[in-house]
Amino acid sequence: EVQLAESGGGLVQAGGSLRLSCSASGETFEGYAIGWFRQAPGKEREGVSCISSDDGSTYYDDSVKGRFTISIDNAKNTVFLQMNSLKPEDTANYYCATGPHEVVPWCRSYGMDYWGKGTLVTVSS
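Residues numbered from 1 in each chain as written. Predicted model: local features only at pLDDT ≥ 70, side-chain atom pairs only at ≥ 80, totals over all residues. Heavy atoms only, no water.

## Some remarks on the nonpolar core
Here is step 1: Of all hydrophobic cores here, the largest spans 25 residues; its most connected members are Trp36, Phe68, Val79, Leu81, Met83 and Tyr94.
Here is step 2: Mapped onto this core, the elements with two or more residues apiece are strand 3 (18-25), strand 4 (32-39), strand 5 (46-52), strand 7 (68-73), strand 8 (78-83), strand 9 (92-100) and strand 11 (119-124).
Here is step 3: With 4 residues, strand 3 is the single largest residue contributor to this core.
Here is step 4: Excluding anything up to four places from it in sequence, Phe68 contacts Arg38, Val48, Tyr60, Leu81, Gln82, Met83, Asn84, Leu86, Asp90 and Tyr94.
Here is step 5: With 8 residues, the next largest nonpolar core counts Phe37, Ala97, Val104 and Cys107 among its residues. (Core = buried A, V, L, I, M, F, W, Y, C linked by side-chain atoms within 4.5 Å. Buried < 20%, exposed > 50% of the residue type's maximum accessible area, 1.4 Å probe, protein only. Helix = DSSP H or I, 4+ residues; strand = E, 2+ residues; numbered from the N terminus. Contact = heavy atoms within 4.5 Å.)

See below:
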């Protein structure tokens, strides 16, 4: 039922910033976890950050701690990922996904149920 749409990707130089948005339609985020995942060519999909719409609890992968921040606007059915100090190794397709709020502590892709189509982030040296 829920449909997800990502936006905000693009080309940025190393050290720059981008803000990704994930908007939901057809259903609110209430009772769900929302996560950001990324997949580079030839690489496995990995969890970047997750947040619970119920209590605001969060998870960050070690590779992005201190650089990325996830936030949620429940009224607007939108989740954001603020990405600072970007590195070339951050280059990937970034996907928004939803699942049960209990998955937040481990934020694994196989725990998520619905996915957006992705937005490409390219970080140049």
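## Thoughts on the state of the cysteines
Here is step 1: Counted according to the given criterion, the structure contains 2 disulfides.
Here is step 2: Covalent S-S linkage joins Cys22 and Cys96, the inter-sulfur distance amounting to 1.9 Å. Between Cys22 and Cys96, the S-S dihedral sits near -70 degrees, and the bridge is therefore left-handed. On the criterion of sequence distance, the pair formed by Cys22 in strand 3 and Cys96 in strand 9 is long-range, its members being 74 residues apart. Neither residue differs from the other here; Cys22 and Cys96 are each classed as buried.
Here is step 3: With a sulfur-sulfur separation of 2.1 Å, Cys50 is cross-linked through a disulfide to Cys107. Given an S-S torsion of about 75 degrees, the disulfide between Cys50 and Cys107 has right-handed geometry. A residue pair is termed long-range when its members are at least 10 positions apart, and Cys50 in strand 5 and Cys107 in the loop between strand 9 and strand 10 (114-115) qualify at 57 residues. (Disulfide = S-S within 2.5 Å.)

## What to know about the packing of aromatic side chains
Here is step 1: Under the defined criterion, the tally for this structure stands at 2 aromatic pairs.
Here is step 2: Ring plane angle 75 degrees and centroid distance 6.5 Å describe the contact between Tyr95 and Trp115, whose orientation is recorded as edge-to-face. Linking Tyr95 in strand 9 with Trp115 in strand 10, this pair joins segments that are 20 residues apart in sequence.
Here is step 3: Judged by its relative accessible area of 14%, Tyr95 falls in the buried class.
Here is step 4: The cationic tip of Arg45 hangs over the ring face of Tyr95; the distance from NZ or CZ to the ring centre is 4.2 Å.
Here is step 5: Sitting over the ring of Trp115, Arg45 keeps its end group 4.7 Å from the ring centre. (Phe/Tyr/Trp six-rings, centres within 6.5 Å; stacked < 30°, edge-to-face > 60°. Lys NZ or Arg CZ within 6 Å of the ring centre and 35° of its normal.)

## A word on the environment of Phe29
Here is step 1: When you line up the elements, Phe29 lands in the loop between strand 3 and strand 4.
Here is step 2: Relative accessible area serves as the criterion here: at 1%, Phe29 is assigned to the buried category.
Here is step 3: Linking Phe29 and Asp113, residues 84 residues apart in sequence, is a C-alpha distance of 13 Å.
Here is step 4: If we skip the residues at most four places from it in the chain, Phe29 touches Leu4, Cys22, Ala24, Ile34, Ser53, Ile72, Asn74, Asn77, Thr78, Val79 and Thr98.

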